[in-house]
Amino acid sequence: MLATPFFGTVMSEYCFSLIMKFLHFANNDNFDESTHPAPKLKKIWEVSQIILRNFQQSYVPERDICIDESLMAYKGRLSWIQYIASKRARFGVRSYLLCESSTGYIWNTIIYTGKRTKVDPKYSNYGMATSSVLSLIEPLLNQGYCITMDKFYTSPELYKVLLQHKTDAYGTVRANRRNLPSMFGKTKLKPGGIVAWQKGKMMALRWRDKKDVCLMSTVHNASTVMVQSKGGKHMQKPQVVIDYNRTMGGIDRADQAMTFYPAMRKQQKKYYKKIFRHLLEQCLWNAYILFRKNSDNPVLHADFIWKVAESIFLKHQTPSMSVGRSGRRAVGVVNPERLTGRHFIDHIPPTQKKAAPTRMCVVCCSRRDESGKKIRKETRFHCPDCDVGLCAVPCFRIYHTRDVF
């Protein structure tokens, strides 16, 4: 399947180009900006909502979840493109993601489109950071979940709302956030020093490592744990810092895995087509997480994608299909099951014009003679399952036992 000629046997380049050119997900004639929930995402809104519903219906995340932002690389003309210097892409479409901390399963997402970003109407009176978190976690409120988030989202205002809905949270926080203790950002500490404030279940902590680290939590206190640093030295570290480092990497894990096998194209000018390809990547990643959880045999991410592509080909593509081209007829189409299936040799059935028809042997015709010319040899036998002509001996055995012949 990784050989270049395989793609041409499935679909011609012209057919693929036509599909991508006219790929569309919404009827523009039915669009009404005054009633549409997300006018800027009208081209992809229905498809994205269907995929998100399937994400949420297929899996219930574990207790520890994380919320962070992700950036889909895009440098075309779009009014809501974001610049984030810390991201590798730097320019692109920002999304707020809710993922499971341990696996990186993407459970919910919100695409940022500026001031009119689609959030839950109940939380529209809050700022973007607070409203995005509450909109993402809305289906999981009052169920005892614990959220990990970074300093962009963390605030006493948000934690107060989450506690009212029986949901815990912890993460880094900006020292100048509103409603934090007045001395929180002014206290000077020596390396290893800790200062903390407590109000009900909310705890604000400031710890000096190489630089000051500020955190808030509703499940921790100021307790510390002895740990070993990379240099081999032992040091006291707050428990909230250890838990934050353990549970905050779910979204980074998903982003990293999807960049290894991208479905997006660099020169994709239509934003909704690029978002659609990005949604396909998320679907493959979530499917891989579900497969790994429900299977006893460990499978690599690359092998899983390969098997998905092979299954789609076997289900929706007949092996006898060949792409129409001018010139010499194609020798045959490679069947992915030729090395594992149980196949038997048979005579080529007669046709209306010939009582004893012949076909070119795919093994013999793949070789060249001493002068460098391709060998042309016809045979009366074929493999009905692979739909290729094969000599009875030894080509049938070679074709069904060797990767390369």
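Attention here is on the structure that accompanies the text. (Residues numbered from 1 in each chain as written. Predicted model: local features only at pLDDT ≥ 70, side-chain atom pairs only at ≥ 80, totals over all residues. Heavy atoms only, no water.)

What follows deals with the pairing of strand β11 (residues 234–238). Direction of pairing for strand β10 (residues 224–228) relative to β11: antiparallel, over a ladder of 5 bridges. Counterpart to Met 226 in the pairing with β11 is Gln 236. Hairpin connection from β10 to β11: 5 residues lie between these consecutive antiparallel strands, with Gly 232 at a positive phi of about 95°. (Pairing = 2+ DSSP bridges. Helix = DSSP H or I, 4+ residues; strand = E, 2+ residues; numbered from the N terminus.)

With respect to topology, 3 strands assemble into an open sheet ordered β12-β15-β16, the strand pairing being antiparallel. Looking at the sheet topology across the chains shown, the edges are occupied by β12 (346–347) and β16 (388–389). Pairing of strand β15 (residues 381–383) with β16 involves 2 bridges; the strand directions are antiparallel. In the sheet register, His 382 faces β16, and the bridge partner there is Gly 389.

Time to look at the nonpolar core. What tends to happen in soluble globular proteins is that the nonpolar side chains get buried as a cluster. Grouped together as the largest cluster of nonpolar side chains are 76 residues, with contacts concentrated most on Ile 44, Met 149, Leu 162 and Ile 275. Looking at this core element by element, the count peaks at 8 residues for helix α8 (residues 271–293). Here Ile 44 is in contact with Phe 25, Tyr 272, Ile 275, Phe 276 and Leu 279, once residues within four sequence places are set aside. If you look at the next biggest cluster of nonpolar residues, it comprises 13 residues, including Val 363, Cys 383, Val 388 and Cys 395. (Core = buried A, V, L, I, M, F, W, Y, C linked by side-chain atoms within 4.5 Å. Buried < 20%, exposed > 50% of the residue type's maximum accessible area, 1.4 Å probe, protein only. Contact = heavy atoms within 4.5 Å.)

Attention now goes to the packing of aromatic side chains. The geometry of two aromatic rings is summed up by the distance between their centres and the angle between their planes. Enumeration over the complete set of coordinates arrives at 15 aromatic pairs. Positioned above the aromatic ring of Phe 31, the side-chain terminus of Lys 42 is 4.3 Å from the ring centre. Over the aromatic face of Tyr 112 sits the side chain of Arg 94, whose NZ or CZ is 5.5 Å from the ring centroid. (Phe/Tyr/Trp six-rings, centres within 6.5 Å; stacked < 30°, edge-to-face > 60°. Lys NZ or Arg CZ within 6 Å of the ring centre and 35° of its normal.)

Along the chain, Glu 69 turns up in strand β1 (residues 64–73). Setting aside its immediate chain neighbours within four residues, Glu 69 contacts Ile 84, Lys 87, Arg 94, Ser 95, Tyr 96, Tyr 153 and Ile 251.

Another aspect to go through is unusual backbone geometry. Look at the link from Val 393 to Pro 394: it is a cis peptide, with omega at -5°. Position of Pro 394 among the secondary structure elements: in the loop between β16 and α10 (395–399). The phi dihedral of Lys 166 falls on the positive side, at around 55°, and the residue is not glycine. Locating Lys 166 in the fold gives a position in the loop between α5 (156–164) and β6 (168–172).

Here we come to the pattern of salt bridges. For the structure on display, the rule yields 11 salt bridges. A salt bridge links Asp 64 to Arg 63; its shortest N-O distance comes to 3.1 Å. With a relative accessible area of 16%, Asp 64 lands in the buried category. A salt bridge links Asp 212 to Arg 206, with the shortest nitrogen-to-oxygen separation between them at 2.7 Å. Here Asp 212 falls in the partly exposed class, since its relative accessible area comes to 25%. In the salt-bridge network here, residues are joined through shared partners; they are Arg 206, Arg 208 and Asp 212. (Salt bridge = Lys/Arg side-chain N within 4 Å of Asp/Glu carboxyl O.)

Take the environment of Cys 15 next. Inspection of the secondary structure assignment puts Cys 15 in helix α2 (residues 13–21). A relative accessible area of 32% places Cys 15 in the partly exposed class. Sequence separation of Cys 15 and Cys 386 is 371 residues, and the distance between their C-alpha atoms is 24 Å.

Turning to empty space enclosed by the protein, a few remarks are in order. Within the structure shown, the criterion is met by 2 cavities of 30 Å³ or more. Estimated volume of the largest cavity: approximately 70 Å³. Together, Met 72, Val 93, Ser 95, Thr 109, Ile 111, Ile 275, His 278, Leu 279 and Gln 282 line the largest cavity. Sort the elements by how many residues they give to the lining of the largest cavity and α8 lands first, with 4 residues. A breakdown of the residues in the lining of the largest cavity according to their chemical character gives 5 nonpolar, 4 polar and no charged. Reported here for the second largest cavity is a volume of approximately 50 Å³. Lining the second largest cavity are Ala 257, Met 258, Tyr 261, Glu 281, Leu 284, Trp 285, His 301 and Ile 305. Elements that contribute at least two residues to the lining of the second largest cavity include exactly α7 (250–260), α8 and α9 (301–316). The element best represented in the lining of the second largest cavity is α8, accounting for 3 residues. Residue composition of the lining of the second largest cavity, grouped by class: 6 nonpolar, 1 polar and 1 charged. (1 Å grid on protein atoms, 1.4 Å probe; cavity = no way out; pocket = protein on both sides within 12 Å on 5 of 7 lines; lining within 4 Å. Points joined across faces, edges and corners; volume = space filled by probe spheres on them. Nonpolar A, V, L, I, M, F, W, Y, C, P; charged D, E, K, R; others polar.)

A few words now on helix α6 (residues 239–247). Listed as buried for α6 are Val 240, Val 241, Asp 243, Tyr 244 and Thr 247. Looking straight down α6, one finds its buried side chains confined to an arc of 165°; they lie on one side. (Arc of directions from axis to C-beta.)

For Arg 380, the position within the fold is in the loop between β14 (378–379) and β15. Judged by relative accessible area, which is 31%, Arg 380 ranks as partly exposed. A C-alpha to C-alpha distance of 61 Å links Arg 380 and Ile 110, two positions 270 residues apart in sequence. Those residues in contact with Arg 380 that sit more than four places away from it in its chain are Asp 346, His 347, Ile 348, Ala 356, Pro 357 and Thr 358. A distance of 3.2 Å separates a polar side-chain atom of Arg 380 from the backbone oxygen of Pro 357. (Polar contact = N/O pair within 3.5 Å; in protein donor to acceptor, adjacent residues only side chain to side chain.)

Before going further, it helps to spend a moment on a positive patch on the surface. A cluster of basic side chains, namely Arg 367, Lys 377, Arg 397 and Arg 402, defines a positive patch on the protein surface. Mapping Arg 402 onto the fold places it in the segment after α10. (Patch = residues over 30% accessible without salt bridge, like charges linked within 9 Å, V, L, I, M, F, W, Y side chains within 5 Å. Areas by Shrake-Rupley, 256 points an atom, 1.4 Å probe, with all protein chains shown as cover. Lys, Arg positive; Asp, Glu negative; His and termini not counted. Charge placed at Lys NZ, Arg CZ, Asp CG, Glu CD.)

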